[in-house]
Amino acid sequence: MWEMFKEFIFNIISWLHSFCGDWGLAIILVTIVFRAIMLPIMHKQTKSSFAMKKLNPEMERIKELYADDKQRQSEELQKVYAEAKFNPISGCLPMIIQMPIFIALFQVLRELGDRVEGSDYCFYNIVPNLIISPSDAWQQGFVTAIPYLVLIAIFAGATFLPMILQQQGQADKQKRQMIIMSVVMSVMMLFIGWGSPAGVLLFWGTSSLLALAQQQTSMRILKSKEKQAEDEKQYQPVKVNVVRQERKKRPKKKK
């Protein structure tokens, strides 16, 4: 089943290659296609992150207040989630759904050289060979390695930048922790990317940049909607329900 799924993805890349005549462009196009398919799911994930960001101050207050009572802490956090109609698991679900697609793409691109022998795997001569890694290119000389070094820098930077942007407006302690985590992740990506084929780096770099653009667009939409709701609430005229008492008839004077 898994091999059939990979074969399906490879057939899409091959079709795009026959259409555009360049393997690098075909990789970029297939990445755009899959990112477009995942767009609603990614928007939902960004929406979940946005909601979590708003709840963070209250969550931190509860954690400090009930630091010695984990059961009460959990109960109070569940109350916060219930009042905000927020499900923490909803933020993980989009990632779980998209991972099989991107793992399959990753594997297909790693096996690209074995699938079609004798093909010219280049990206408009910008990247001469998409099936060799930056480490292989480095052995051929610095000049040959330049486009591969650029790819690996984009590959690592596209991992670092989204994690930093997500922490805007967060507490200093959380921000420092996330920066450290982002640096560690970027170093790991550099290590992984050094031995990965350039086609994988091209795919992952393109995918990460598209994800970053989608995330920032979704965040702007959510902030705009939130501001609009606040403005409508602020300028909404106050309605006063006045209950008029029924006027009693005056008693008639007796003649």
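A brief look at the structure comes next. (Residues numbered from 1 in each chain as written. Predicted model: local features only at pLDDT ≥ 70, side-chain atom pairs only at ≥ 80, totals over all residues. Heavy atoms only, no water.)

In terms of regular secondary structure, the protein chain is built from 10 helices and 0 strands. The order of α-helices and β-strands along the protein chain, N terminus first, is α-α-α-α-α-α-α-α-α-α. The buried share of the protein chain, taken over its 255 residues, is 35%. Counting contacts in the protein chain only where the partners sit at least 6 residues apart, residues at least 24 apart contribute 70% of the total. (Helix = DSSP H or I, 4+ residues; strand = E, 2+ residues; numbered from the N terminus. Buried < 20%, exposed > 50% of the residue type's maximum accessible area, 1.4 Å probe, protein only. Contact = heavy atoms within 4.5 Å.)

Another aspect to go through is the packing of helix H1 (residues 2-20) against helix H2 (residues 23-37). As a packed pair, H1 and H2 sit with axes 8 Å apart at the nearest point and diverge in direction by 125 degrees. In terms of orientation, H1 and H2 fall into the oblique class. Crossing handedness for the pair H1 and H2: right-handed. For the pair formed by H1 and H2, the contact residues are Ile9, Ile12, Ile13, Ser14, Leu16, His17 and Cys20 on the first element and Trp23, Leu25, Ala26, Leu29, Val30 and Phe34 on the second. Class assignment for the residues of the contact of H1 with H2 results in 11 nonpolar, 2 polar and no charged. (Axes fitted to C-alpha atoms, helices over the stretch in contact; angles between N-to-C directions. Parallel < 35°, antiparallel > 145°, perpendicular 65-115°, else oblique. Left-handed = near helix turned anticlockwise from the far one by under 90°. Nonpolar A, V, L, I, M, F, W, Y, C, P; charged D, E, K, R; others polar.)

The next thing to look at is a nonpolar patch on the surface. Residues Trp138, Phe142, Val143, Ile146, Val150, Ile154, Trp194 and Leu209 make up a contiguous nonpolar surface patch of roughly 780 Å² in combined accessible area. No other element matches the 5 residues that helix H8 (residues 142-165) contributes to the nonpolar patch. The topology assignment puts Trp138 in helix H7 (residues 134-139). Under the relative-accessibility criterion, Trp138 is labelled partly exposed at 42%. (Patch = residues over 30% accessible without salt bridge, like charges linked within 9 Å, V, L, I, M, F, W, Y side chains within 5 Å. Areas by Shrake-Rupley, 256 points an atom, 1.4 Å probe, with all protein chains shown as cover. Salt bridge = Lys/Arg side-chain N within 4 Å of Asp/Glu carboxyl O.)

Tallied over the full model, the rule gives 6 aromatic pairs. A centroid spacing of 6.0 Å and a plane angle of 50 degrees characterise the contact between Phe123 and Tyr124, whose relative ring orientation is tilted. Between Trp138 and Phe142 the ring centres are 6.0 Å apart and the planes differ by 90 degrees, which places this aromatic pair in the edge-to-face class. Through successive ring pairs, a cluster of aromatic residues spans Trp138, Phe142 and Trp194. (Phe/Tyr/Trp six-rings, centres within 6.5 Å; stacked < 30°, edge-to-face > 60°.)

Locating Ala156 in the fold gives a position in helix H8. Looking at Ala156, the relative accessible area reads 7%, which means it is buried. Remark: the alpha-carbon pair of Ala156 and Gly205, spanning 49 residues in sequence, is separated by 8.0 Å. Ignoring sequence-local partners within four residues, the contact set of Ala156 consists of Ser186, Met189 and Leu190.

One finds Ile9, Ile13, Leu105, Leu109, Val127, Leu130 and Leu202 to be the most contacted residues of the largest nonpolar core, which totals 37 residues. Setting aside residues up to four positions removed in sequence, Ile13 forms contacts with Trp23, Ala26, Val30, Leu105, Val108 and Leu109. If you look at the next biggest cluster of nonpolar residues, it comprises 7 residues, including Ile62, Tyr66, Leu77 and Val80. (Core = buried A, V, L, I, M, F, W, Y, C linked by side-chain atoms within 4.5 Å.)

Attention now moves to the packing of H2 against helix H3 (residues 39-65). The interhelical angle for the contact between H2 and H3, taken along N-to-C directions, is 60 degrees, at an axis separation of 4 Å. Judged by the inter-axis angle, H2 sits oblique to H3. Every residue of H3 that contacts H2 at Arg35, Ala36 and Ile37 is listed here: Leu39, Pro40 and Met42. For the contact of H2 with H3, the residue count by class is 5 nonpolar, no polar and 1 charged.

Enumeration over the complete set of coordinates arrives at 4 salt bridges. Residue Glu111 pairs with Lys6 through a salt bridge whose shortest N-O separation is 2.9 Å. Taken together, the positions of Glu111 in the loop between helix H5 (93-110) and helix H6 (112-115) and Lys6 in helix H1 put the pair 105 residues apart, joining distant regions of the chain. The exposure class of Glu111 is partly exposed, given its relative accessible area of 27%. Here Arg72 and Glu76 are joined by a salt bridge, their closest N and O atoms 2.9 Å apart. Linking Arg72 with Glu76, this pair stays in helix H4 (residues 70-84), spanning 4 residues, or about one helical turn.

What follows concerns H3. For H3, spanning 27 residues, the distance from its first C-alpha to its last is 39 Å, which sits close to the expected 39 Å at 1.5 Å a residue. For H3, every residue scored as buried is listed here: Met42, Gln45, Thr46, Ser48, Phe50, Leu55, Asn56, Met59 and Ile62. (Expected span 1.5 Å × (residues − 1).)

Once that is clear, we can look at the side chain of Ser208. Summarising the element assignment, Ser208 is placed in helix H10 (residues 198-235). In terms of polar contacts, Ser208 uses its side chain to reach the backbone carbonyl oxygen of Trp204, at 2.9 Å. (Polar contact = N/O pair within 3.5 Å; in protein donor to acceptor, adjacent residues only side chain to side chain.)

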